[in-house]
Amino acid sequence: MIISLDRAIELIRNGDIVAFPTETVYGLGADVKNVVAIQKTFDIKGRPADNPLIVHISDIDQVYELATDIPDSFKKLANHFWPGPLTMVLKKQAAVPDIVTAGLDSVAIRMPDHPIALELIRNTGPLTAPSANRSGKPSPTRAEHIIEDYGDKLPVVDGGSSTIGLESTVLDLTSKQIEILRPGAISAEMIENLLKTEVFKSTDHAADSLPKSPGVKYTHYKPKASVNWIHSVPSQFDSKTFYILHSKMSGKTEKNVVTCNGNFDLLAKLLYDYFRTADHLGYSQILVETLPKLSPHPLIPPLKNRISKSVGS
Ligand code: TXA
Ligand code: MG
């Protein structure tokens, strides 16, 4: 159910949950101090209890109420990238409820770059917000996706399409070795350039090591259709397959063939929408053109990450 921002503020203050837009994907908000409301977000999503939530803030000072032992790198990163698609993991204050952090001694915090999200949080205080999809579904990038997942009963503030379309970069600042736990629009290179220090990527870990970000072990971002890579644009398209391409193409009008024409910002913005569209239209297979290995585009690593997680079923 689409509601106004004012109504959303009222609902959160009353201990309810509300979906709201951010520049990455829509989030499912609850007051960080209200464990009953937070539990509702786990329940309605069907989210495993061991997967911690990101706390969304509207003012840098709120970090000091949520986290402790804050390193110098935090301030530099926050000043430079917030509001924006960067989530920082810090040592948590005791006051942060365990349900938020799934019992970890760290807390993930982000200031979203979206006028509705910021105005909401300014009026309610910090909000926990997982991506508003049902667990296992692609993250919602439009209000319609939320109605698709839950029917009309979940209140949502409609802010149009998310401009980025992929979830934020999750960066662990709790140890000396700064590490990207989930790639997003803020790239390792952007962080390294700012901090003048090397940033570790979780993919550098041995495959069998314990994931530091509990969420990464779950199958996410998965449409019903099977997803596979193709290495080039086929000369003929199979009418039972949905194709997600990036090569420039002219004059293609088939409803099962989409291309971003080399615009990776657009591919990121529409990827989850394409996944959902393929499912709606009943395709059982999605083929995605492999992404260029040498492109410096910052969205290539998160795109590869999300698509790879969908491959193989
Ligand atoms: O862009 C985003 O980050 C969106 C929007 C709504 O802000 N939110 C989002 O939330 O993607 P969610 O819950 O779908 O993903 C949160 C990720 C998970 O992979 C989780 O494991 C990780 O952040 N995370 C949360 N708290 C953590 C912590 N204390 N330590 C390590 N990873 C954490
Ligand atoms: Mg999610």
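Residues numbered from 1 in each chain as written. Chains lettered and ligands numbered in written order. Predicted model: local features only at pLDDT ≥ 70, side-chain atom pairs only at ≥ 80, totals over all residues. Heavy atoms only, no water.

## Things to note about the domain arrangement of the chain
- When its domains are assigned, the chain resolves into domain 1 (2-201) and domain 2 (226-311).
- Here the C-alpha centre of domain 2 lies 27 Å away from the C-alpha centre of domain 1.
- Domain 1 puts 25 residues into the contact, and the matching count from domain 2 is 15 residues.
- On the domain 1 side of the contact with domain 2, P138, L166 and P183 bury the most area, a combined 37% of that side's loss.
- Counting across the interface, domain 1 meets domain 2 through four salt bridges.
- Per-element accounting of the side of domain 1 that touches domain 2 gives the leading share, three residues, to helix α7 (residues 143-150).
- Among the residues forming the side of domain 1 that touches domain 2, the class breakdown is eight nonpolar, eleven polar and six charged. (Domains from an automatic or database assignment. Contact = heavy atoms within 4.5 Å. Buried area = accessible area lost by both parts, 1.4 Å probe. Salt bridge = Lys/Arg side-chain N within 4 Å of Asp/Glu carboxyl O. Helix = DSSP H or I, 4+ residues; strand = E, 2+ residues; numbered from the N terminus. Nonpolar A, V, L, I, M, F, W, Y, C, P; charged D, E, K, R; others polar.)

## What to know about the packing of helix α9 (residues 264-280) against helix α10 (residues 300-310)
- Between α9 and α10, the shortest axis-to-axis distance is 10 Å and the interhelical angle comes to 20°. Our classification of the angle between α9 and α10 gives roughly parallel. In the crossing of α9 with α10, the sense of the turn from one axis to the other is left-handed. Facing F264, L267, A268, L271, Y272 and F275 of α9, the residues of α10 in contact are I300, L303, R306, I307 and S310. (Axes fitted to C-alpha atoms, helices over the stretch in contact; angles between N-to-C directions. Parallel < 35°, antiparallel > 145°, perpendicular 65-115°, else oblique. Left-handed = near helix turned anticlockwise from the far one by under 90°.)

## Some points on the confidence of the model for the chain
- In this model, the chain carries a mean pLDDT of 93, and residues with pLDDT of at least 70 account for 93%.
- Model confidence for the chain, summarised as mean pLDDT per element, is weakest for strand β12 (residues 200-201) at 93 and strongest for strand β4 (residues 54-56) at 99.
- Note that residues 206-210 has pLDDT below 50 and, in this model, zero contacts with residues that lie over four places away or in other chains. (pLDDT = per-residue confidence, 0-100.)

## What about the pairing of strand β3 (residues 27-31)?
- Among the five residues in β3, five count as buried, and that is most of the element.
- Side chains of β3 alternate between two faces, with G27, G29 and D31 and L28 and A30 buried alike.
- Pairing geometry for strand β2 (residues 18-20) and β3, over three bridges, is antiparallel. Bridging across to β3, V18 finds its partner in G29. (Buried < 20%, exposed > 50% of the residue type's maximum accessible area, 1.4 Å probe, protein only. Pairing = 2+ DSSP bridges.)

## Observations regarding the sheet that holds strand β16 (residues 285-289)
- Reading across the sheet, the four strands line up as β13-β16-β14-β15 and stay open at both edges, with parallel pairing between neighbours. Here the strands that pair on one side only, and so sit at the sheet edges, are β13 (226-230) and β15 (257-259). Geometrically, the sheet is characterised by an average inter-axis angle of 20° between neighbouring strands, direction not taken into account.
- Bridge count between β13 and β16: five bridges; the pairing is parallel. Counterpart to I230 in the pairing with β16 is E289.
- Contacting β13, β14 (241-245), β15 and β16, α9 crosses the sheet at an angle of about 180° to β14.
- Contacting β13 and β16, α10 crosses the sheet at an angle of about 125° to β13.

## A look at the environment of V257
- Residue placement: V257 occurs in strand β15.
- For V257, a relative accessible area of 9% puts it in the buried group.
- The spacing of V257 and G160 is 97 residues in sequence and 24 Å in space, taken between C-alpha atoms.

## Looking at the nonpolar core
- One finds L77, W82, L86, I109, L171 and I191 to be the most contacted residues of the largest nonpolar core, which totals 45 residues.
- In terms of residue count, the dominant contributor to this core is helix α4 (residues 72-81) (four residues).
- Not counting chain neighbours up to four residues away, the residues in contact with I191 comprise L77, F81, L86, L171, I180, I186 and V199.
- A268, Y274, L303 and I307 belong to the second largest nonpolar core, which has 26 residues in total. (Core = buried A, V, L, I, M, F, W, Y, C linked by side-chain atoms within 4.5 Å.)

## What to know about unusual backbone geometry
- Along the chain, W82 connects to P83 via a cis peptide bond; the corresponding omega equals -10°.
- With respect to the helices and strands, P83 occurs in the loop between α4 and β6 (86-92).
- Backbone geometry at D69 places phi at a positive 50°, although glycine is not the residue there.
- Within the secondary structure, D69 sits in the loop between β5 (67-68) and α4.
- You can call D69 exposed: its relative accessible area is 56%.
- Phi is positive for A102, which is not a glycine, with a value near 55°.
- Turning to its location among the elements, A102 is positioned in the loop between α5 (98-101) and β7 (106-110).

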